[in-house]
Amino acid sequence: MAEQRRIGFNWNLRTIMAQRNLWKTTELMPLLKTRGINLSESQVYRLVTGTPERIPARTFAALCDILDCTPNDLFEPYVEMRAAATANAPKRSEDLGVRPSDPIAHRVRLVPPDEDE
């Protein structure tokens, strides 16, 4: 198995809007509505100011059409972290010094010594 990767992405909607002289999220709403995308003010605000975890394909396509850009302009993936497929950890518990017959930690009850003795 090859290396494992965690992929992140940059969401560039706000930057692309600024390059197209669209400064407010309220300016984007009517443009989306003309393309059949009906989002509330708060949804459009979160779409512009935040990083969406998921976005409908029609909304994504409408944004590309409105801003005259490609999906690569809006969505820029990058590798966050690379890791080896497996760690060099021991495969058997015996290799860690633990044997099946070893006692498991038990609760200990301390008894004060007798004062008579």
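The rules behind the values
- Sequence order as written defines residue numbering, which begins from 1 separately in each chain.
- It should be noted that, the model being predicted, local features are given only for residues of pLDDT at least 70 and side-chain atom pairs only at 80 or more, the latter also being counted only at that level, while totals for whole chains, interfaces and linings use all residues.
- The basis for every side-chain value is the complete set of non-hydrogen atoms in the structure, without hydrogens or water.
- As used here, the term nonpolar core means buried Ala, Val, Leu, Ile, Met, Phe, Trp, Tyr and Cys residues forming a set that is joined through side-chain atoms within 4.5 Å.
- Buried residues are those whose accessible area, probed at 1.4 Å on protein chains only, stays under 20% of the maximum for their type, while exposed residues exceed 50% and partly exposed ones sit between those limits.
- Helix and strand definitions follow DSSP, with helices as H or I runs of at least four residues and strands as E runs of at least two, each counted in order from the N terminus.
- By the convention used here, residues are in contact when the closest approach between their heavy atoms is within 4.5 Å.
- Think of each axis as a best-fit line through the C-alpha atoms, taken over the contacting stretch in the case of a helix, with angles from 0 to 180 degrees between the N-to-C directions.
- Comment on the angle field: the value is read as roughly parallel under 35 degrees, roughly antiparallel over 145, roughly perpendicular from 65 to 115, and oblique elsewhere.
- Any residue with an atom within 4 Å of a point lines the site, the site being either a cavity, points on a 1 Å grid over the protein atoms alone where a 1.4 Å probe fits but cannot get out, or a pocket, an open set with protein on both sides within 12 Å along at least 5 of 7 lines.
- Grid points are joined across faces, edges and corners, and a volume is the space filled by probe spheres set on the points.
- The rule for a disulfide is simple: a pair of cysteine sulfur atoms within 2.5 Å.

Draft legend 1. Spotlight on the nonpolar core. Core analysis: the largest hydrophobic core is formed by 20 residues, its most contacted members being Leu13, Leu28, Leu32, Leu63, Leu67 and Leu74. Where this core is concerned, the elements lending two or more residues are helix H1 (13–19), helix H2 (25–33), helix H3 (41–49) and helix H4 (57–67). The leading source of residues in this core is H4, at 6 residues. Beyond its immediate chain neighbours, meaning those up to four positions away, leucine 67 contacts Leu13, Ile16, Met17, Arg20, Leu22 and Leu74.

Draft legend 2. Broad picture of the packing of H2 against H4. It is the contact of H2 with H4, at a shortest axis distance of 10 Å, that shows an interaxial angle of 110 degrees. Compared by their axis directions, H2 and H4 come out roughly perpendicular. Facing H2, whose interface residues are Leu28, Leu31 and Leu32, H4 presents Ala62, Leu63 and Ile66.

Draft legend 3. Focus on unusual backbone geometry. Located in the positive-phi region is asparagine 21, a residue other than glycine, with phi close to 65 degrees. With respect to the helices and strands, the residue asparagine 21 is situated in the loop between H1 and H2. One non-glycine residue, aspartate 68, lies in the positive phi region at around 50 degrees.

Draft legend 4. Representation of H4. For H4, the full list of buried residues reads Thr59, Phe60, Ala62, Leu63, Cys64, Ile66 and Leu67. Where H4 ends, the next residue or the one after it, aspartate 68, has phi of about 50 degrees, a positive value.

Draft legend 5. Expanded view of the layout of surface pockets. Estimates place the volume of the largest pocket at around 190 Å³. Lining the largest pocket are Leu39, Gln43, Arg46, Leu47, Thr51, Pro52, Glu53, Arg54, Ile55, Pro56 and Thr59. Take the lining of the largest pocket: its biggest share by element is 3 residues, from H3.

Draft legend 6. Structural view of the state of the cysteines. Tallied over the full model, the rule gives 0 disulfides. The cysteine cysteine 64 is free of any disulfide, with cysteine 69 supplying the nearest cysteine sulfur at 4.5 Å.

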